[in-house]
Amino acid sequence: MAASMCDVFSFCVGVAGRAGVAVEVRFVSSAKGKGLFATQLIRKGETIFVERPLVAAQFLWNALYRYRACDHCLRALEKAEENAQRLTGKPGQVLPHPELCAVRKDLHQNCPHCQVMYCSAECRLAAAEQYHQVLCPGPSQDDPLHPLNKLQEAWRSVHYPPETASIMLMARMVATVKQGQLELLRRLFTEALYEEALSQWFTPDGFRSLFALVGTNGQGIGTSSLSQWVHACDALELKPQDREQLDAFIDQLYKDIEAATGEFLNCEGSGLFVLQSCCNHSCVPNAETSFPENNFLLHVTALEDIKPGEEICISYLDCCQRERSRHSRHKILRENYLFVCSCPKCLAEADEPNVTSEEEEDEEEEEGEPEDAELGDEMTDV
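What you see is a predicted model; the values in this text were computed from it and never measured.

1. What about the overall build of the chain?
Alright, step 1. Secondary structure summary: the chain contains 13 helices and 13 strands in total.
Alright, step 2. In the chain, which comprises 382 residues, the proportion classed as buried is 47%.
Alright, step 3. Put simply, 70% of the contacts in the chain that link residues at least 6 apart link residues at least 24 apart.
Alright, step 4. Entry remark: accessible area of the chain is about 19,400 Å², with carbon and sulfur atoms responsible for 52%.

This is how it looks when you write it as structure tokens:
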């Protein structure tokens, strides 16, 4: 993205879905691109912003293996007990406190033409207005010769789990443009954020460039009705003995799920988020992303106090990966995100040898290229 836009593009987080905390996007460097910065003190545990994606899609293998999610917002459609039964492989699995399950099957609706399922009439209509008119296969939903089904099968044949992207995310971007919704998004975007100094980014061509840029910054999305039920159980006020019994039940449930299903617990997909895509990576992040509403609404929360002018960074690595050696972290980031990290932790460990820790040697092979290969630094811009 051009530096002129990143330098001065400011957002009030209310635009992204939550008022009260201001952030701004700034140009950082030619290598690092843009970054998201706090404009006032943000306290640890505070929600920095909530954002709705421009477009989202479930991963194709995830959907094929019956992880049932709303075709628009990715909200989990199974009841928590149904979810537990499928993940444990135990049809008779019963959950206590079934009233804590938040899934409302009475609100579910399907497309009358292709029968894909949505969590609500609102999602069905939103999908139809944005992209589904172009992508709906009608009665050919299960026809392997339909062009979209052939496209999805080709994608699955070269992208096996664990998944990080979906061809349907790109298809929905194209369909959004074909249905004329990009112009609607541009008008709404202009109404919310227009500034004379940034006028070139609000023209049709400028907005198409911005839309394409966001397409290089997909964010993983995970939803689970079982997880929602567990969080609701955690909030119950129970006698100590009852709490101990419930916690022991949940612990055993997750052990049973791990034995039967492994690590694939959630409905998973990815989405394109304008504001979140501006967050750079750090191996010592001061913020984290989550999806606590069991749909595609992304929450970014402060992990520590963030001062005005400080960059807001998330981590592209999970907790276990962040504890590995600098060499191992760089290997993961180079292979999956095409950049070499220069966060404070990596700089502090720069003198460490470029070898993995002893317990990692069995699972990692020697690298064929040096650490200083020609890669970007923080690839929020591609």
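2. Concerning the packing of aromatic side chains
Alright, step 1. Counted by the stated rule, this structure contains 4 aromatic pairs.
Alright, step 2. With a centroid separation of 6.4 Å and 50° between ring planes, the pair formed by Phe273 and Phe291 is classed as tilted. With Phe273 in the loop between strand S9 (267-272) and strand S10 (280-281) and Phe291 in the loop between strand S11 (287-290) and strand S12 (298-302), the pair connects residues that are 18 residues apart, well separated along the chain. Each member of the pair, Phe273 together with Phe291, is buried.
Alright, step 3. Geometry around Phe37 places Arg26 over its ring, the cationic atom sitting 4.7 Å from the centre.
Alright, step 4. Arg86 extends its terminal NZ or CZ atom over the ring of Tyr67, reaching a point 4.2 Å from the ring centre.

3. Quick look at the side chain of Asn294
Alright, step 1. Tracing the sequence through the fold places Asn294 in the loop between S11 and S12.
Alright, step 2. A distance of 2.9 Å separates a polar side-chain atom of Asn294 from the backbone nitrogen of Ser224.
Alright, step 3. Residues contacting Asn294, with those up to four places away along its chain left out, are Leu74, Arg75, Ala76, Thr223, Ser224, Ser225 and Gln228.

4. Comments concerning the pattern of salt bridges
Oppositely charged side chains can form a pair if their charged atoms are brought close together.
Alright, step 1. Tallied over the full model, the rule gives 11 salt bridges.
Alright, step 2. Of the charged contacts, one joins Arg329 and Glu349 as a salt bridge, the two residues approaching to 2.9 Å between their closest N and O atoms. Of this pair, Arg329 sits in helix H12 (residues 326-337) while Glu349 sits in the segment after helix H13 (344-348); the two residues are 20 residues apart in sequence, bridging distant segments of the chain. For the residue pair Arg329 and Glu349, the accessibility class agrees, reading buried in each case.

5. Here we look at the state of the cysteines
Alright, step 1. For the structure shown, the criterion picks out 0 disulfides.
Alright, step 2. Of all cysteine sulfurs, the one in Cys119 lies closest to Cys73, which takes part in no disulfide; the gap is 3.7 Å.
Alright, step 3. The buried category is assigned to Cys73, whose relative accessible area is 3%.
Alright, step 4. Given a relative accessible area of 8%, Cys119 falls into the buried group.

6. Describing the environment of Met117
Alright, step 1. Residue position: Met117 is located in strand S7 (residues 117-118).
Alright, step 2. In this structure, the C-alpha to C-alpha distance between Met117 and Leu77, residues 40 residues apart in sequence, is 8.7 Å.
Alright, step 3. Sequence-distant contacts of Met117, that is, excluding residues within four places in its chain, are made with Ala69, Cys70, Asp71, Leu77, His108, Gln109 and Asn110.

7. Re the packing of helix H5 (residues 147-158) against helix H6 (residues 167-178)
Alright, step 1. Axis separation between H5 and H6 bottoms out at 10 Å; the angle between their running directions is 145°. Contacts between H5 and H6 pair Leu148, Leu151, Gln152 and Trp155 from the former with Ile167, Met168 and Met170 from the latter.
Alright, step 2. Of the residues contributing to the contact of H5 with H6, the split by class is 6 nonpolar, 1 polar and no charged.

8. Concerning the sheet that holds S12
Alright, step 1. Read from one edge of the open sheet, 3 strands run S4-S12-S11, paired in antiparallel fashion. Both edges of this open sheet fall to strand S4 (47-51) and S11, since each of them pairs with a single strand only. Each strand axis lies, on average, 15° off the axis of its neighbour in the sheet, ignoring direction.
Alright, step 2. Across 4 bridges, the pairing between S4 and S12 is antiparallel. Counterpart to Glu51 in the pairing with S12 is Leu298.

9. Comments concerning helix H3 (residues 80-88)
Alright, step 1. Buried within H3 we find Ala80, Asn83, Ala84, Arg86, Leu87 and Thr88.
Alright, step 2. Here the buried face of H3 lies against helix H9 (225-234) and helix H10 (240-261).

10. A few points about the confidence of the model for the chain
Alright, step 1. For the chain, the mean per-residue pLDDT works out to 84, and 82% of the residues sit at or above 70.
Alright, step 2. Low pLDDT (under 50) marks residues 1-20, which in the prediction has 58 contacts with non-local residues, meaning those over four places away or in another chain.
Alright, step 3. A low-confidence stretch, residues 362-382 (pLDDT under 50), is modelled with 57 contacts involving residues beyond four sequence positions or located in other chains.

11. Digging into the packing of H9 against H10
Alright, step 1. Where H9 contacts H10, the axes come no closer than 11 Å and their chain directions differ by 160°. If you check the angle between H9 and H10, you find them roughly antiparallel. Crossing of H9 against H10: the hand is left-handed. Contact residues: Leu226, Ser227, Trp229, Val230, Cys233 and Asp234 in H9; Arg243, Leu246, Phe249, Ile250, Leu253, Tyr254 and Ile257 in H10.
Alright, step 2. Looking at side-chain class alone, the contact of H9 with H10 contains 10 nonpolar, 1 polar and 2 charged residues.

Parameters at a glance
Residues numbered from 1 in each chain as written. Predicted model: local features only at pLDDT ≥ 70, side-chain atom pairs only at ≥ 80, totals over all residues. Heavy atoms only, no water. Helix = DSSP H or I, 4+ residues; strand = E, 2+ residues; numbered from the N terminus. Buried < 20%, exposed > 50% of the residue type's maximum accessible area, 1.4 Å probe, protein only. Contact = heavy atoms within 4.5 Å. Areas by Shrake-Rupley, 256 points an atom, 1.4 Å probe, with all protein chains shown as cover. Phe/Tyr/Trp six-rings, centres within 6.5 Å; stacked < 30°, edge-to-face > 60°. Lys NZ or Arg CZ within 6 Å of the ring centre and 35° of its normal. Polar contact = N/O pair within 3.5 Å; in protein donor to acceptor, adjacent residues only side chain to side chain. Salt bridge = Lys/Arg side-chain N within 4 Å of Asp/Glu carboxyl O. Disulfide = S-S within 2.5 Å. Axes fitted to C-alpha atoms, helices over the stretch in contact; angles between N-to-C directions. Nonpolar A, V, L, I, M, F, W, Y, C, P; charged D, E, K, R; others polar. Pairing = 2+ DSSP bridges. pLDDT = per-residue confidence, 0-100. Parallel < 35°, antiparallel > 145°, perpendicular 65-115°, else oblique. Left-handed = near helix turned anticlockwise from the far one by under 90°.

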